[in-house]
Amino acid sequence: MRLFNANSIQSGYSCIYSLLRASFLILLVSLSTLLHATTNNKPNIILILADDLGYGDVGIFGSKMISTPRIDQLASSGVKFPQAYVSHPVCSPSRAGLMTGLNQVRHGWEFNPAGRDAEAGMDNGVQTIAERLRKQGYYNAIVGKWHLGKQKSHHPLSRGFDEFYGVLDGGSVFVDPNKPGVEGTALSEERIHFGMNNRYRNFDKVEIDDYLTDAFTDEAVRIIKRKKDQPFFLYLSHTTPHTPLQATKKYLDAYRHIEDEGTRVYSAMVGSLDVSVGKIVDTLKALKIFDNTMIVFTSDNGCAEYILGACSNAPFRGFKRYHLEGGVRVPFVMHWPNGIKNSSHEYNSPVSTLDLSATFLAAAGGDGSTEDSVNLLPYINGIKVGAPHKYLHWKAGPTVAVRDERWKLLRMAPIASDVSIKEDIGGRLIPPEGGWPMDDNSPVDYFLYDLEKDSAETSNVITHYPTVANRLQKEMNRWLLEVSDIQPILSPIRSIKMQNHRKDYQLFF
Ligand code: CA
């Protein structure tokens, strides 16, 4: 007895063939539908950057004094990053890293532009996030502080943005201090005049009468409403709570109980930032585009020592301008219901604002990864395990740092005791003509901190863990060699003296 005849085998084959063909066609149709849906549903991306906001000044990051319910809400329904870093502890280089996804040392932007370099601009040969997103069909708007060059060729509109409303400088005044209800630092007439006249819409000067944070928020809301039907990237780069400390009555009222004026005004400024985040969220919800908008909230560096205790980088030590954790670790929140599957959690590996390039571009369907920029989405979605970075690196002149999952090696130059360096009235060291000389052979000291056990960097454990220190020093030297040929655009002009473990060091920024 024959189990099968040839005809039945043939008809079986043709049946399987038809089935396969049908499945293949269905797959093709689903893929093209998916692809079509993806191109039409690219997420909006909103980056809300605070200026000099301390890690310990956000409710969900530990503040007991300042109330930030809207930022906290974004973190608790999104992802909170307790170990997020900027690539430099001052404004301009931190932003240069963030905006390009490349450690700014790689493109010569190691310091704040100042003195003879005040008119310099970030290297046009390096792509910005906006330039990359434009290729993915994004409309790019920046509202607020740019600080990466004031000349036309370095202007945001020359660096991938379609519109700009804000300040090209490192800051501005927030409001005319003579207005009723305004409190804050006493400002000279000259400072008020300059600060009220450095605001632009695209290339044209504009007058802004409102409190600057409110004006930026309102403009951001207008842009969201106008661009709701196409994928947009909105870089809302607030100038708050950077100096000058200034706040209006509506924000001060919540903090009348704080006696110290600086602390009261600073707290109110953070309050205005929280209101801004709330207005952005409410606008997105009203337009029903909240779920498909990725929002990142963070700061460009830690809060500053020179505002005399008004702010907090707790639980860390150090401030803006320091490579201690207080200078470089920042509050960082990401929220995107459509793209982050396991939201409402903390992501605990170290990440960097340098990762925003790869992360934003991946969300947009492109590729923004660089030597320094890693797409964080597969990590926070649990698709990739392990840490996104084996090492993170920092450099500002002779100050160099490297960290892995647990350890941080910090290198600093002791201040030469035989040289009498004078300070200006702001406490900055007065540089010699033409900036500070950078001598690679100057003496340096090394510190090893166990960030897992001692995130406040209170104990230098370098003598206890020589193998760890050697490994990190080797990695530091490898990286320094990698960036050693880069032609710097900026020279170090600004400098201060700081103390670490009872010895004086010189910081450059
Ligand atoms: Ca800053």
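Before any of the text, the structure's been laid out above.
Keep in mind the model is a prediction, meaning the values are calculated, not measured.

About the thresholds
All residue numbers here refer to positions counted from 1 along the written sequence of the relevant chain. Restriction of local features to residues with pLDDT of at least 70 applies here, the model being predicted, together with a cutoff of 80 or more for giving and counting side-chain atom pairs; totals for whole chains, interfaces and linings are based on all residues. Each side-chain value is worked out from all heavy atoms of the structure, with water and hydrogens disregarded. Secondary structure counts use DSSP, requiring at least four H or I residues in a row for a helix and at least two E residues in a row for a strand, with both numbered from the N terminus. Three exposure classes are used, based on accessible area relative to the maximum for each residue type with a 1.4 Å probe and protein chains only: buried under 20%, partly exposed in between, and exposed over 50%. Only heavy atoms matter for contacts: two residues are in contact if any of them lie within 4.5 Å across the pair. Listed donors are limited to N, O and S atoms within 2.8 Å of the metal, widened to 3.2 Å for Na, K and Ca; water is not among them, so incomplete-looking sites are possible. Site shape is set this way: if four donors have all angles between 85 and 135 degrees, tetrahedral; if opposite donors are over 155 degrees apart and all others between 65 and 115, square planar for four donors and octahedral for six; otherwise irregular. Throughout, a disulfide means two cysteine sulfur atoms within 2.5 Å of one another. Centres within 6.5 Å make a pair out of two Phe, Tyr or Trp rings, where for Trp the six-membered ring is used; the pair is then stacked when the planes are under 30 degrees apart, edge-to-face when over 60, and tilted otherwise. Note: two strands are recorded as paired if DSSP finds a minimum of 2 bridges between them.

Asks: Hey, could you go over the environment of Ala310 for me, with residue numbers and the actual values?
Replies: Its location among the elements puts Ala310 in the loop between strand 11 (293-299) and helix 9 (325-328). Classification of Ala310 as buried rests on a relative accessible area of 2%. Taking the C-alpha atoms as reference, Ala310 lies 19 Å from Pro177; in sequence the two are 133 residues apart. Filtering out sequence-adjacent residues up to four positions away, Ala310 remains in contact with Leu245, Gly262, Thr263 and Tyr266.

Asks: Any chance you could break down the coordination of the calcium ion for me, citing the residues and the numbers?
Replies: Around the calcium ion, the donor atoms from the protein are Asp51 (OD), Asp52 (OD), Cys91 (SG), Asp300 (OD), Asp300 (OD) and Asn301 (OD1), and they sit 2.2 to 2.6 Å away. Every donor counted, the six donor atoms about the calcium ion form angles of 54 to 159° at the centre, which fits irregular coordination. Of note, the donors binding the calcium ion are all from one chain and are spaced D-D-x38-C-x208-D-N. Taken together, the residues span a long stretch of sequence, with Cys91 in helix 3 (residues 91-100) and Asn301 in the loop between strand 11 and helix 9 at a distance of 210 residues. Per residue, the accessibility class of Cys91 equals that of Asn301, and both read buried.

Asks: I'd like a description of the state of the cysteines, backed by residues and values.
Replies: Applying the stated criterion to the full structure yields one disulfide. Residue Cys303 pairs covalently with Cys311 via a disulfide, S to S 2.1 Å. Between Cys303 and Cys311, the S-S dihedral sits near 80°, and the bridge is therefore right-handed. For the pair Cys303 and Cys311, a shared accessibility class is recorded, and that class is buried.

Asks: An account of the packing of aromatic side chains is needed here, citing residue identities and associated values.
Replies: What the rule picks out here adds up to 18 aromatic pairs. Pairing Trp146 with Phe161 gives two aromatic rings, centres 5.9 Å apart and planes at 80°, and the pair type is edge-to-face. Here Trp146 is found in the loop between strand 4 (139-145) and strand 5 (163-167), whereas its partner Phe161 is found in the loop between strand 4 and strand 5, with 15 residues between them in sequence. Comparing Trp146 with Phe161 shows no difference in burial state: the two are buried. Pairing Trp436 with Phe508 gives two aromatic rings, centres 5.9 Å apart and planes at 75°, and the pair type is edge-to-face. In this pair, Trp436 sits in the loop between strand 18 (407-414) and strand 19 (445-450) while Phe508 sits in strand 21 (residues 503-508), placing the two residues 72 residues apart along the sequence.

Asks: Could you give an account of the sheet that holds strand 15 (residues 351-352), naming the residues involved and the relevant values?
Replies: Strands pair in a sheet through their backbones, by hydrogen bonds, and they do so in one of two ways: parallel or antiparallel. Spatial strand order, 12-3-15: three strands in an open sheet with mixed pairing. The open sheet has two edge strands with one neighbour each: strand 12 (329-330) and strand 15.

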